[in-house]
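# Descriptive structure summary
Chain by chain, the residues:
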Amino acid sequence: MDKVSCGCGGGSPVQLTHIEMQAGPAPVLSTVVMWRDVLGGWRVRWGMGRMRYRVAPGLYRVGEPDKQSPVLVTANYKLTVDAVRRELAGLSVWLLVLDTKGVNVWCAAGKGTFGTAELVRRVEAANLAGVVEHRNLIVPQLGATGVAAHEVKRSTGFTVRYGPVRAGDIRAYLAGGMKATPAMRRIAFGWKDRLILAPVEVVGVLKPAIVILAALTVLDVLRYRSLSWRVAADFAPFLAAMFAGGVLTPLLLPWLPSRVFAIKGAVAGAVCVAAALIALPGGAIAAAGTALVAIAIASYMGMMFTGSTTFTNFAGARLEVRRALPPIVVAAALGAVLRVAAAFV
Amino acid sequence: MQYLLSGDSLVLDQALCNGCGRCEEVCPHAVYSVVNRKAVVANRGNCMQCGACRMNCPAGAIAVSTGVGCAAAIIGAMRRGDGGGASCDCA
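Only a predicted model underlies this, so the values are computations on that prediction, with no experimental measurement involved.

## Let's talk about the interface of chain A and chain B
- Listed per partner, the contact involves 47 residues of chain A and 43 residues of chain B.
- Of the roughly 3,900 Å² buried between chain A and chain B, counting both surfaces, carbon and sulfur atoms make up 65%.
- Linking chain A with chain B are one salt bridge.
- Its salt-bridge partner being B:E25, residue A:R185 comes within 3.6 Å of it at the nearest N-O pair.
- Linking chain A with chain B are 19 residue pairs in polar contact (both at pLDDT 80 or more), by the criterion used here.
- Those elements that place two or more of their residues in the side of chain A that touches chain B are α3 (105-111), α6 (149-156), β5 (159-163), α14 (284-304) and α15 (314-342) of chain A.
- In terms of residue count, α15(A) provides more of the side of chain A that touches chain B than any other element does, nine residues in total.
- Here the residues of the side of chain A that touches chain B are counted per class, giving 26 nonpolar, eleven polar and ten charged.

So, in structure tokens, the structure goes:
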């Protein structure tokens, strides 16, 4: 399943340019996130080199930590490390970076790579018991699906304390004596959280979208014997469907009807596609074909967003795929037949 | 927000529960509360079946079937002919 090679061997982990090896037990990690880090974050969210965006695992110093300083644990996805270190400005802590093959805490915990075995291994490899005098590890709460606190205690003597869900709460958590408030323990999944993954959804349908737009262009040339403004009018409903499925569905998720994401996507898609067809009308058969294909696309994209949320479950998603995928495929196929037929009648 | 079959497979055996409160601590959706040193499932409908509670229950009092709530992973597994093998493989 995991196609990524191990970071210790053939892979080429992305190095943080501002880590300097110094005398002492661990390299220093800067809390300053540079413009190229921000740029890198944008790049991976558009799907470029996402699985190679990693930091070398191991123990790092942030600030000037001593034997009493807290130990925070995180994953070696560079976007994750950036999100954590920028919140640590002015603090002195140890940061133990686990080798999660460049995957974030939540997803890696689900796979087990952010897990008990790796945590125990890193604690021992860093000789943490010799670096600090206390016996506490602050593990992000979303790592708990992979880490069994009582087993870590038994193997290493360190007590796992689950920190906040969000890196932005680390400072308040530490200031409060390693106590997380109920709000720090909850996943909010507000509109910013929902929208930040929209590029991934759009990139996911880019290739089929190009195929569809190319096919429409060919159909138009066949019908009108020339390339004209009508091609743009034909594109509009499909672009509207991509916008509905990839952007509007995540944004309006709590307010779109049904618990089924495919229905949410189809509803958003129907509204947008209808608007596009009304604004730029064509023949009835072509419009019907276009509507079927475009709404199927929006519905499919809506269904794909299940994987980006914080509240879906496996059994439910499997049920949704089994129930929604056949009608999506049938609608798309029927629509394609109608749209092609319309070019020849 | 709630999803299809939310919390469906979650089973808590209160007889085994030692009241440590780890389940309440690790749950990101406030599914548990601890009453009189026993955990109770207070908000089953919010459960996404991630398994953090089961993983961190030292008494083994929790059962829940886990997996990725991700249509892309499920379709990927179906295409490989591996119905049970759905896993995050975004790449």
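## Structural notes on the side chain of A:D37
- Here A:D37 is to be found in helix α1 (residues 35-45).
- Within the local environment of A:D37, its side chain forms a polar contact with the backbone nitrogen of A:M34, the two atoms lying 2.8 Å apart.

## What to know about a nonpolar patch on the surface
All names here are of chain A.
- On the surface, a cluster of nonpolar side chains totalling about 440 Å² of accessible area is made up of V32, M34, W35 and L39.
- Among the secondary structure elements, L39 is positioned in helix α1.
- Given the relative accessible area of 52%, L39 is considered exposed.

## Focus on the domain arrangement of chain A
All names here are of chain A.
- Domains assigned within chain A are domain 1 (35-187) and domain 2 (192-342).
- Computed from C-alpha atoms alone, the centre-to-centre distance between domain 1 and domain 2 is 39 Å.
- At the junction of the two partners, domain 1 supplies five residues and domain 2 supplies six residues.
- Considering only the surface of domain 1 that becomes buried against domain 2, R45, W46 and I187 emerge as the three largest contributors, covering 72% of it.
- Here domain 1 and domain 2 share one salt bridge between them.
- For R166, the salt bridge goes to D193, with nearest N and O atoms at 2.7 Å.
- If you look at where domain 1 meets domain 2, you find one residue pair in polar contact (both at pLDDT 80 or more).
- The residue makeup of the side of domain 1 that touches domain 2, split by class, is two nonpolar, no polar and three charged.

## Here's the deal with the nonpolar core
- By size, the foremost hydrophobic cluster in this structure holds 43 residues, and its most contacted members are A:F114, A:L119, A:L128, A:L137 and B:Y32.
- Among the elements that line this core, the one with the most residues is α3(A), at three residues.
- Apart from the residues lying within four places of it in its own chain, the contact partners of B:Y32 are B:L10, B:L12, B:C23, B:E24, B:C27, B:A39, B:V40, B:V41, B:A42, B:C53 and B:I62.
- Judged by nonpolar contacts, the second largest core, of 31 residues, contains A:I187, A:F314, A:A324 and A:I328.

## Describing the packing of aromatic side chains
- Applying the stated criterion across every chain, the model contains four aromatic pairs over all chains.
- Arranged with centres 6.3 Å apart and planes meeting at 75°, the rings of A:Y53 and A:Y77 form a pair that is edge-to-face. Placement of A:Y53 in the loop between α1 and β1 (58-62) and of A:Y77 in the loop between β2 (71-74) and α2 (78-85) is noted, with a sequence separation of 24 residues between them. The pair A:Y53 / A:Y77 is uniform in exposure class, with both members buried.
- Feature note: the residues A:F189, A:F261, A:F311 and B:Y3 constitute an aromatic cluster, connected by ring pairs.
- The cationic tip of A:R230 hangs over the ring face of A:Y224; the distance from NZ or CZ to the ring centre is 4.0 Å.

Reading the values: the criteria
Residues numbered from 1 in each chain as written. Chains lettered and ligands numbered in written order. Predicted model: local features only at pLDDT ≥ 70, side-chain atom pairs only at ≥ 80, totals over all residues. Heavy atoms only, no water. Contact = heavy atoms within 4.5 Å. Buried area = accessible area lost by both parts, 1.4 Å probe. Salt bridge = Lys/Arg side-chain N within 4 Å of Asp/Glu carboxyl O. Polar contact = N/O pair within 3.5 Å; in protein donor to acceptor, adjacent residues only side chain to side chain. Helix = DSSP H or I, 4+ residues; strand = E, 2+ residues; numbered from the N terminus. Nonpolar A, V, L, I, M, F, W, Y, C, P; charged D, E, K, R; others polar. Patch = residues over 30% accessible without salt bridge, like charges linked within 9 Å, V, L, I, M, F, W, Y side chains within 5 Å. Areas by Shrake-Rupley, 256 points an atom, 1.4 Å probe, with all protein chains shown as cover. Buried < 20%, exposed > 50% of the residue type's maximum accessible area, 1.4 Å probe, protein only. Domains from an automatic or database assignment. Core = buried A, V, L, I, M, F, W, Y, C linked by side-chain atoms within 4.5 Å. Phe/Tyr/Trp six-rings, centres within 6.5 Å; stacked < 30°, edge-to-face > 60°. Lys NZ or Arg CZ within 6 Å of the ring centre and 35° of its normal.

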